[in-house]
Structures are given as structure tokens and as C-alpha cells.
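Commentary on secondary and tertiary structure
Given next are the chains, with one letter for each unit.
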Amino acid sequence: MDRAPLGPLEVSRICLGAMFFGSKTPAEESHRLLDRFVAAGGTFVDTADVYDAGGSERTLAPWLSAHRDEVVIATKIRWLNGLAPDEIRKGCDASLKRMGIDEIDLYQLHGPDPDVPLEETLEALDGLVRAGKVRALGASNFPAWLLAWAVATQDREGWAPFVSLQPQYSLVERTAEIELLPFCRAAGLGVIPWGPLGAGFLTGKYERDSPPPAGSRMADASDDLEEAMHRRAIERNFRVVDEARAIAQERGATIPQVALAWLLATPGVTAPIVGARTLEQLEDLLPAAELTLTEDEYARLASHAPPPETYPQRMLIEQSGLPDRISLPLRRAR
Ligand SMILES: NC(=O)c1ccc[n+]([C@@H]2O[C@H](COP(=O)([O-])OP(=O)(O)OC[C@H]3O[C@@H](n4cnc5c(N)ncnc54)[C@H](OP(=O)(O)O)[C@@H]3O)[C@@H](O)[C@H]2O)c1
């Protein structure tokens with residue numbers, strides 16, 4: 001499996017998501033997934049304090065005690081106690097303790113906290129890096145303006161910078177292409193998409209006019225979730241699956257492999273975070289790392305569910321002839 005730089009880190013181009021470790025994926029199966037992932041060349045694992053209220057991080061601990069040097073560990077903070085400086089310091093210590101490690105490789109804000117001044121949060125994160133508890137910082141679920149503001153503040157204050165963004169991004173959720181991806185490319189942040197299969201929609205298991213399979217992510221999703229039926233099970237998304245199925249048949253691959261290969265071919269994407277729930281699902285996903293799409297296949301997949309049209313991008317493209325990916329190089333590459 002190829003690797004890519006991520007700030008001071010080097011990571012495999014597929015990241016293993018641990019959201020269900022210790023819950024939907026029992027501990028022993030989770031450890032089998034980790035073994036298989038590492039055997040396939042994977043070196044990048046993503047978790048969060050909030051997953052199963054610490055259960056995911058705790059499930060990683062016994063495996064990490066034997067394999068710490070083989071993986072880059074990313075975790076997150078936000079949804080348990082917010083982003084006040086004291087909560088960040090306590091939250092980091094709690095994550096370290098739960099995982100039984102002495103340094104987090106990538107510590108990410110799981111989302112913004114409107115109750116805490118951003119500067120206070122960023123200064124506290126800088127303190128964690130200086131204290132040697134964290135190697136690098138990332139953000140997740142930030143709107144582009146706030147991410148740009150945060151990055152500029154870190155630059156101005158000389159604080160440890162965000163090296164990555166973790167946005168939702170897949171063939172069926174491409175809003176990130178409008179602002180987030182161009183900003184990350186211009187400012188030199190890596191992008192590690194969550195939900196790369198649209199929570200399983202891009203596997204072909206959901207069908208038009210049929211109820212979702214019992215126990216599946218969409219069957220269990222409440223209306224406010226990103227993978228809620230009313231958002232995901234729409235005609236244009238089914239057309240993406242049809243296209244991915246056709247390409248999969250032509251290439252002797254599977255639908256999710258094609259969907260992941262599309263992300264891997266998208267400029268600026270460092271490593272999609274795959275959410276395999278079982279070993280069988282992981283086995284199905286891993287060959288994506290070796291699948292290179294042609295330009296024509298890439299364009300066919302991209303044609304069905306483009307990102308929404310927004311101003312000023314639409315005006316700049318239509319009236320001023322700017323390229324459809326407006327990505328101006330910044331003076332100072334980070
Ligand atoms: N930053 C954030 O806010 C955020 C949010 C969500 C996730 N994440 C991270 O991103 C990771 C992945 O997110 P995600 O789980 O939404 O990603 P995903 O890869 O889009 O969806 C994973 C789901 O797809 C289905 N699936 C996966 N491989 C399959 C296969 N080969 N065949 C059939 N179905 C398959 C499974 O659904 P079934 O369970 O229905 O079988 C699984 O739960 C998480 O583990 C977490 O680390 C971050």
C-alpha cells in the first residue's frame with residue numbers, strides 16, 4: 001500500500017476507522033481487522049474519545065501494547081466536554097490513558113465549539129505538542145472559513161499548525177469540493193475523508209424502492225444523520241452506484257473498491273478512512289489501494305452527483321472563465 005506525508009507524519013493511503021471497535025465490532029474481531037490491515041501495509045488508524053464513550057480507544061489498547069510502532073494513531077476531541085483549554089488537557093490525558101500510549105500522533109478537533117474562543121483552543125493544542133503528548137494536529141467538520149481563520153491564527157501566533165482536515169467526502173457527498181478541498185490544497189493540509197462509502201451506500205447493498213437491509217447503517221439512521229434515507233437514497237446517488245457497478249464489472253473489482261479508488265485519485269486526498277465493520281468487509285475494501293482508474297472512469301463516476309452550485313464559484317466560472325477547481329496557490333506553503 002502506498003504512503004503519503006501528513007505534516008510530520010507518514011501514513012498509508014488507506015486509514016482504518018475504529019468507530020465501531022468494541023461495540024458493533026467486538027474486541028477480538030477489531031484486533032483481527034487491525035492485524036489484517038497492517039499485514040496489507042496499512043499504518044494509519046482513526047478513533048475518537050466519543051466512540052462508544054471511550055470504548056473504541058480502550059479496545060485499541062491491548063493491540064497497541066504489541067504494535068505501537070507499526071501505526072500512526074489519530075484520535076479526536078470535542079463531543080464529550082467541549083474545547084475549553086482545561087477540557088483539552090484533561091481529554092488528551094484521558095485518551096492517552098485509555099489507549100495506553102504516551103503520545104498521540106494526530107490529535108483532531110472533532111468539530112468547532114462555539115462556546116469557547118478559538119484562540120484559547122488553539123493555544124491549548126499548541127501546549128500539548130510542546131509537552132510532547134501530541135505529534136501533530138488536525139481539524140474535522142470545520143467550515144472552510146473557520147479552518148482558514150484557525151490556520152492563519154496558528155501561523156500568526158507561531159502555534160503548532162493543523163496538518164489535516166477530516167471532512168465527510170465521498171462520491172455521494174461532494175460539498176467539500178467547493179471550499180474545503182481547494183483551501184487544503186492551497187494551504188498544504190492533508191485531507192482524510194470520513195464516510196468514504198457514504199456509510200455503505202456505495203457498496204450496492206441499497207436498492208431503489210426497497211427498504212434498507214435490516215441492521216444496516218441506513219436502516220438504523222435517524223433523520224438527522226448524514227446517511228438518513230431521505231438524504232442518501234435519492235436517484236442521483238443510485239446513478240453513481242449504477243456507474244460504479246458497471247466499472248467494477250469491467251475492471252473485475254467491487255463497487256466499494258471503485259468508490260475508494262475514485263477518492264484516492266482525487267487531488268489533495270491523503271487517505272480515505274474506511275469504516276469496515278467486519279473482517280470480510282475489510283478484505284473487500286483493501287484491493288482498492290491497488291486500483292487505478294482511467295481518466296474516463298473517473299469522469300464517469302463524477303458526472304452523476306456533483307457538488308451543489310454556489311456563489312461566487314458559479315459566477316467566477318461562468319462569467320470570468322476561472323477553472324472549476326478554484327485553487328489559488330498561497331504565497332507561503334505550509
Ligand atoms: N469526523 C467525523 O465526524 C466522523 C464521522 C463518521 C466517521 N468518522 C470516521 O470515519 C470512519 C469511517 O466512517 P464510516 O463508517 O461512515 O465510513 P464508510 O466507509 O462510508 O461506511 C462504513 C459502512 O459501510 C459498510 N461497508 C463497509 N465495507 C463494506 C463492504 N465491503 N461491503 C458491504 N458493506 C460495507 C458498513 O455498513 P453496515 O454496518 O451497514 O454493514 C460500514 O458500517 C469511522 O470509523 C471513523 O473513524 C469520522
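Residues numbered from 1 in each chain as written. Predicted model: local features only at pLDDT ≥ 70, side-chain atom pairs only at ≥ 80, totals over all residues. Heavy atoms only, no water.

**Overview of the side chain of S164**
Relative to the elements of secondary structure, S164 occurs in strand β8 (residues 162–166). With a relative accessible area of 0%, S164 lands in the buried category. Those residues within four positions of S164 in sequence are excluded, and the remaining contacts are L6, L106, L137, G138, A139, L189 and G190. (Helix = DSSP H or I, 4+ residues; strand = E, 2+ residues; numbered from the N terminus. Buried < 20%, exposed > 50% of the residue type's maximum accessible area, 1.4 Å probe, protein only. Contact = heavy atoms within 4.5 Å.)

**Description of the side chain of T43**
Turning to its location among the elements, T43 is positioned in the loop between α1 (27–39) and β4 (44–46). Here T43 falls in the buried class, since its relative accessible area comes to 8%. Sequence-distant contacts of T43, that is, excluding residues within four places in its chain, are made with R3, E10, V11, S12, F37, E70, V71 and V72.

**Notes on the environment of P62**
Looking at the secondary structure, you find P62 in helix α2 (residues 55–67). The class of P62 is partly exposed, set by a relative accessible area of 48%. Sequence separation between P62 and R135 is 73 residues, and the spatial gap between their C-alpha atoms is 22 Å.

**Considering the packing of aromatic side chains**
Inspection of every chain in the model, using the stated rule, returns 5 aromatic pairs. Relative to F238, the ring of F201 lies with its centre 5.1 Å away and its plane at 55°, an arrangement referred to as tilted. One end of the pair, F201, is in the loop between β9 (190–191) and α7 (217–220); the other, F238, is in helix α9 (residues 235–251), and 37 residues separate them in sequence. Under the relative-accessibility criterion, F201 is labelled buried at 1%. Since its relative accessible area comes to 7%, F238 is described here as buried. Ring centres of W262 and Y298 lie 5.0 Å apart, and the angle between their planes is 15°; this geometry places the pair in the stacked category. (Phe/Tyr/Trp six-rings, centres within 6.5 Å; stacked < 30°, edge-to-face > 60°.)

**Some words on the confidence of the model for the protein**
With 97% of its residues at a pLDDT of 70 or more, the protein shows a mean pLDDT of 95. At the level of individual helices and strands, the protein shows its lowest average pLDDT in helix α13 (residues 313–320), which scores 89, and its highest in β4, which scores 99. (pLDDT = per-residue confidence, 0-100.)

**Some points on helix α4 (residues 118–130)**
Compared with an ideal rise of 1.5 Å per residue, which puts 13 residues at 18 Å, α4 spans 19 Å between its outermost C-alpha atoms and is within 8% of the ideal. Of all the positions in α4, only L118, T121, L122, A124, L125, D126 and L128 are classed as buried. Positioned one or two residues after α4, G132 has a phi angle of 80°, which is positive. (Expected span 1.5 Å × (residues − 1).)

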